[in-house]
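# A structural walkthrough
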Amino acid sequence: MSERTAAVTRETAETDVEVTLDVDGDGDSTVDTGLPFLDHMLDALATHGLFDLTVTCDGDLDVDAHHSVEDVAITLGQALDQALGERRGIVRYADRTVPMDEARATVVVDVSGRPYFVFEGEFSEETVGGMSSYMAQHFLRSVATNAGLTLHAEVRGENAHHEVEGLFKALARALDDATRIDERRGGATPSTKGDL
């Protein structure tokens, strides 16, 4: 199997982002976005998805967290898309539900190359870790759009920290499952069309 890795940079007037990703890693992460809560979520994504991940972001946090969260998600999505390449031999579909005490988050993913995003639920608090809770939903949408994922996410709970963390962990587990190589495919694309 060839290495499924990528290194992507994104530089705008608002942010400077660098992401390296190894889909077949050990869960090692080095993350510095300037947003400790986002760092915590990205560490959880790497740990529970067994992705080796490095992320740095120098963003305009004096404005707010929006540009940094969005651009990290865009860059991560692009890195995932590059690392998966033609997506040959992957499982492709997966779903995971993760409980975090009173909260429950579900992510269903199709690594199809066709971006589509659906979100159901509401966050119980407007902010979490110094950023708008809504940015977790926006993060997922941006990853799905740039990685070419069909991604359905659902959350419920009473604590926004648990709700958001559950979503990141469910995403990690679903992506780990969906991107695994299924040896029975012999490297074939997982589609009746023969191409994704």
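Residues numbered from 1 in each chain as written. Predicted model: local features only at pLDDT ≥ 70, side-chain atom pairs only at ≥ 80, totals over all residues. Heavy atoms only, no water.

The subject of this paragraph is helix 3 (residues 134–147). Spanning 14 residues, helix 3 covers 20 Å between terminal C-alpha atoms, matching the ideal 20 Å at 1.5 Å per step. Burial analysis of helix 3 places 10 of its 14 residues in the buried class, which makes it a mostly covered element. The secondary structure elements touched by the buried residues of helix 3 are helix 1 (36–49), helix 2 (66–84), strand 7 (116–120), strand 9 (131–132), strand 10 (150–156) and helix 4 (160–179). Two residues or fewer after helix 3 comes G148, characterised by a positive phi angle close to 70 degrees. (Helix = DSSP H or I, 4+ residues; strand = E, 2+ residues; numbered from the N terminus. Expected span 1.5 Å × (residues − 1). Buried < 20%, exposed > 50% of the residue type's maximum accessible area, 1.4 Å probe, protein only. Contact = heavy atoms within 4.5 Å.)

Turning to its location among the elements, S132 is positioned in strand 9. Given the relative accessible area of 31%, S132 is considered partly exposed. Between the C-alpha atoms of S132 and I90, which are 42 residues apart in sequence, the distance is 35 Å. Ignoring anything within four residues of it in the chain, the contact list for S132 reads E126 and T127.

With that settled, consider empty space enclosed by the protein. In the structure shown here, the tally under the stated rule is two cavities of 30 Å³ or more. As for the largest cavity, its lining consists of L21, L45, A46, F51, L53, L76, G77, L80, V143, L171 and L175. Contributions of two or more residues to the lining of the largest cavity are made by helix 1, helix 2 and helix 4. With three residues, helix 2 is the single largest residue contributor to the lining of the largest cavity. Residues that form the lining of the largest cavity fall into these classes: 10 nonpolar, one polar and no charged. Together, R104, A105, T106, E154, V155 and R156 line the second largest cavity. Those elements that place two or more of their residues in the lining of the second largest cavity are strand 6 (103–110) and strand 10. Residue composition of the lining of the second largest cavity, grouped by class: two nonpolar, one polar and three charged. (1 Å grid on protein atoms, 1.4 Å probe; cavity = no way out; pocket = protein on both sides within 12 Å on 5 of 7 lines; lining within 4 Å. Points joined across faces, edges and corners; volume = space filled by probe spheres on them. Nonpolar A, V, L, I, M, F, W, Y, C, P; charged D, E, K, R; others polar.)

Glancing now at the sheet that holds strand 4 (residues 52–59). Read across the open sheet, the four strands follow the order 1-2-4-3; overall the sheet is mixed. Each having just a single partner strand, strand 1 (5–11) and strand 3 (29–32) make up the two edges of the open sheet. In this sheet, adjacent strand axes meet at a mean angle of 5 degrees when their direction is disregarded. Taken strand by strand, helix 1 contacts strand 3 and strand 4, and its axis lies near 160 degrees from that of strand 3. (Pairing = 2+ DSSP bridges. Axes fitted to C-alpha atoms, helices over the stretch in contact; angles between N-to-C directions.)

Right, let's talk about helix 4 for a bit. With 20 residues, helix 4 ought to run about 28 Å at 1.5 Å a step, and its terminal C-alpha atoms sit 28 Å apart, in line with that. For helix 4, the tally of buried residues reaches 19 of 20 residues, placing the bulk of the element in the interior. With a side-chain oxygen positioned 2.9 Å from the backbone nitrogen of H161, the residue opening helix 4 is N159. (Polar contact = N/O pair within 3.5 Å; in protein donor to acceptor, adjacent residues only side chain to side chain.)

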